[in-house]
Amino acid sequence: MRVRIHRGAHEIGGSCVEVESSGKRLVLDVGRPLTAERGEYVPLPDVAGLAEPDPSLVGVIISHSHQDHWGLAEQITTGVPVFMGEATSRILAEAAFWTTGLKVEPTAFLRHRGSFEIGPFRVTPYLNDHSAYDAYSLLIEAGSRRLFYSGDIRGHGRKASLFDQLVQDPPVDVDALLMEGTNVRPENDGPRHLDTEVDVEAAMAETMHGTSGMVLAISSGQNIDRLVTIYRAAKRSGRHLVMDLYTAAIVSATGNPNIPRPGPEWPLVHVYLPLWQRMRVKDAEAFSRTADVRPYRVYEEWLAEHRSEVVLLFSSQSGPTLAKAGCLDGASAIWSLWHGYLAEHSGQRLLRFLGDNGIPITELHTSGHASVADLQRLAKAIGPRRLVPIHTFGATRYRALFDNVCEEEDGAWWDV
Ligand SMILES: [Zn+2]
């Protein structure tokens, strides 16, 4: 078995790995680089069979629903077998209705520790803890060699038990470990502690307690772990959670009844429709979407009246409407995304709006990726013959942190 990383040896985002054995090839992730502008065309990685049919390409596996791992998949020529988690395929189809997503009919679904064969490859997915729902690490076996691809992984989220399970019962006899290192960067030297989702929940509850008006939570609708954190903090502080229809649709796509959503089992959850979502429903004539949530829908008048009892999943497009209706008197905002997004256009717009309306903002967030200490636990448990950095800007730092490190370059083949 041999491998080449197409993108990711020295980059976070746009991951793509090609694996070859007995003349057949398998691709792990076809991500869109995070550096690409919105709408910018990015060519497919140079893998035979992605753009033009080639029978030696036996399949593409998408590890999870983040665009930097699937974003170029819609350019793949028809007929290539695609594999991903079942919830992932539903989430991507739902996201395609609202914003950016992927509509494909996967050949088969990934299932936790359920092995299957694709050509000469035996694949075993490991459901893992990450900020994307239904994310997997992958064990690839062929010709008596074993490659383990971490995908994006962490050990401090709401599914930390999956990470512990992997460390306690890891794949054995692994020849090569392709391990993400999003948090391998100079400022994280040493076994620095990252807040857990539980820590974030406690801090959020405190901010919510200390706010007289509405709490505006800014997060990603696809970060289901964080949604649960926000819901639990809202409940602890005696507040209702008001989500938008897009987030409610993503929750529904998870197929997991334990995630809060508008419905009879969740009396504290309501739904509010920002203008762009009402327009989307109207344009698509998808009126069953609004009919389904009618009993749980709230409007500006209700939000203004109940502002001291509400946490609202917020985006700045709705800001002026909510301000005009008196919803934001005494409000505070919680930024629950990566800090760097505040410097981008939409982050700047949000900061301007909050500043103009005298709304204080608190950052309460934790990484979707493992701390260096957890990566060390993982690497030690698996004990690979060689450890290859991926999804990182810190490849050159790996040697000081892990054993058997072997840096590989984008585009270069290496034997497992
Ligand atoms: Zn990810």
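Each value, and the rule that gives it
Residues numbered from 1 in each chain as written. Predicted model: local features only at pLDDT ≥ 70, side-chain atom pairs only at ≥ 80, totals over all residues. Heavy atoms only, no water. Helix = DSSP H or I, 4+ residues; strand = E, 2+ residues; numbered from the N terminus. Buried < 20%, exposed > 50% of the residue type's maximum accessible area, 1.4 Å probe, protein only. Contact = heavy atoms within 4.5 Å. Core = buried A, V, L, I, M, F, W, Y, C linked by side-chain atoms within 4.5 Å. Domains from an automatic or database assignment. Pairing = 2+ DSSP bridges. Axes fitted to C-alpha atoms, helices over the stretch in contact; angles between N-to-C directions. Buried area = accessible area lost by both parts, 1.4 Å probe. Salt bridge = Lys/Arg side-chain N within 4 Å of Asp/Glu carboxyl O. Nonpolar A, V, L, I, M, F, W, Y, C, P; charged D, E, K, R; others polar.

1. A look at the environment of V281
Thinking step 1. Among the structural elements, V281 can be located in helix α7 (residues 275-283).
Thinking step 2. Accessibility expressed as a relative area gives 2% for V281, which makes it buried.
Thinking step 3. Each C-alpha atom of the pair V281 and W98 lies 8.9 Å from the other, and the pair is 183 residues apart in sequence.

2. Looking at the side chain of T88
Thinking step 1. Within the secondary structure layout, T88 lies in helix α2 (residues 86-98).
Thinking step 2. On the basis of relative accessibility, which here comes to 0%, the residue T88 falls in the buried class.
Thinking step 3. Each residue touching T88, except ones within four places of it in the same chain, is listed here: H64, S65, Y133 and D134.

3. Some details on the environment of Y231
Thinking step 1. Relative to the helices and strands, Y231 resides in helix α5 (residues 224-236).
Thinking step 2. Along the primary structure Y231 and I259 are separated by 28 residues, whereas in three dimensions their C-alpha atoms are 9.3 Å apart.
Thinking step 3. Look past the residues within four positions of Y231 in its chain and what remains in contact with it is L241, P260, W266, L268 and V269.

4. With respect to the nonpolar core
Thinking step 1. M204, M208, I230, L241 and V311 are the most contacted members of the largest nonpolar core, which totals 41 residues.
Thinking step 2. Secondary structure elements with two or more residues in this core: α2, α4 (197-209), β12 (215-218), α5, β13 (240-244), α6 (245-254), β14 (269-272) and β15 (310-313).
Thinking step 3. The residues that make up this core include at least three from each of domain 1 (2-188 + 368-415) and domain 2 (197-363).
Thinking step 4. Those residues in contact with M204 that lie beyond four places of it in its chain are R226, T229, I230, A233, I334, S336 and L364.
Thinking step 5. In this structure, V17, L110, L138 and A142 belong to the second largest nonpolar core, which totals 28 residues.

5. Here's the deal with the sheet that holds strand β9 (residues 135-142)
Thinking step 1. Pairing in this open sheet of six strands is mixed, and the strands run β7-β8-β9-β10-β11-β18 from one edge to the other. Every interior strand has two partners, whereas the edge strands, β7 (116-118) and β18 (386-390), have only one. Averaged over all pairs of adjacent strands, the angle between strand axes in this sheet comes to 25 degrees, irrespective of strand direction.
Thinking step 2. Inspection of the sheet shows strand β8 (residues 121-128) paired to β9 by seven bridges, in the antiparallel sense. Its bridge partner lying in β9, T124 is registered against L139.
Thinking step 3. Where helix α12 (residues 372-382) meets the sheet, its contacts fall on β10 (145-149), β11 (176-180) and β18, and the angle it forms with β11 comes to roughly 170 degrees.

6. Here we look at the sheet that holds strand β5 (residues 82-85)
Thinking step 1. A sheet is described by the order of its strands in space; here seven strands give the open sequence β6-β5-β4-β3-β2-β1-β19, paired in mixed fashion. Across the chains shown, the open sheet's two edge strands, defined by having one partner strand only, are β6 (108-110) and β19 (413-415). For this sheet, the mean angle separating the axes of adjacent strands, direction not counted, is 25 degrees.
Thinking step 2. Relative to strand β3 (residues 24-30), strand β2 (residues 16-21) runs antiparallel, the two being bridged by six bridges. Bridged to E20 within β3 is R25.
Thinking step 3. Strand contacts of α2: β5 and β6, with the helix running at about 95 degrees to β5, the strand carrying the most contacts.

7. What to know about the domain arrangement of the protein chain
When the parts come together, some accessible area is lost, and that loss is often what is quoted as the size of the interface.
Thinking step 1. Its domain assignment divides the protein chain into domain 1 (2-188 + 368-415) and domain 2 (197-363).
Thinking step 2. In this structure, domain 1 and domain 2 have C-alpha centres spaced 31 Å apart.
Thinking step 3. Taken together, the contact between domain 1 and domain 2 spans 18 residues of the former and 24 residues of the latter.
Thinking step 4. Across the interface of domain 1 and domain 2, roughly 1900 Å² is buried in total on both sides, 55% from carbon and sulfur atoms.
Thinking step 5. When the buried surface of domain 1 facing domain 2 is broken down by residue, F97, W98 and R158 rank first, second and third, together holding 44% of it.
Thinking step 6. If you look at where domain 1 meets domain 2, you find five salt bridges.
Thinking step 7. Between R158 and E201 there is a salt bridge whose closest N-O contact spans 2.6 Å.
Thinking step 8. For the side of domain 1 that touches domain 2, the per-class residue count stands at six nonpolar, six polar and six charged.

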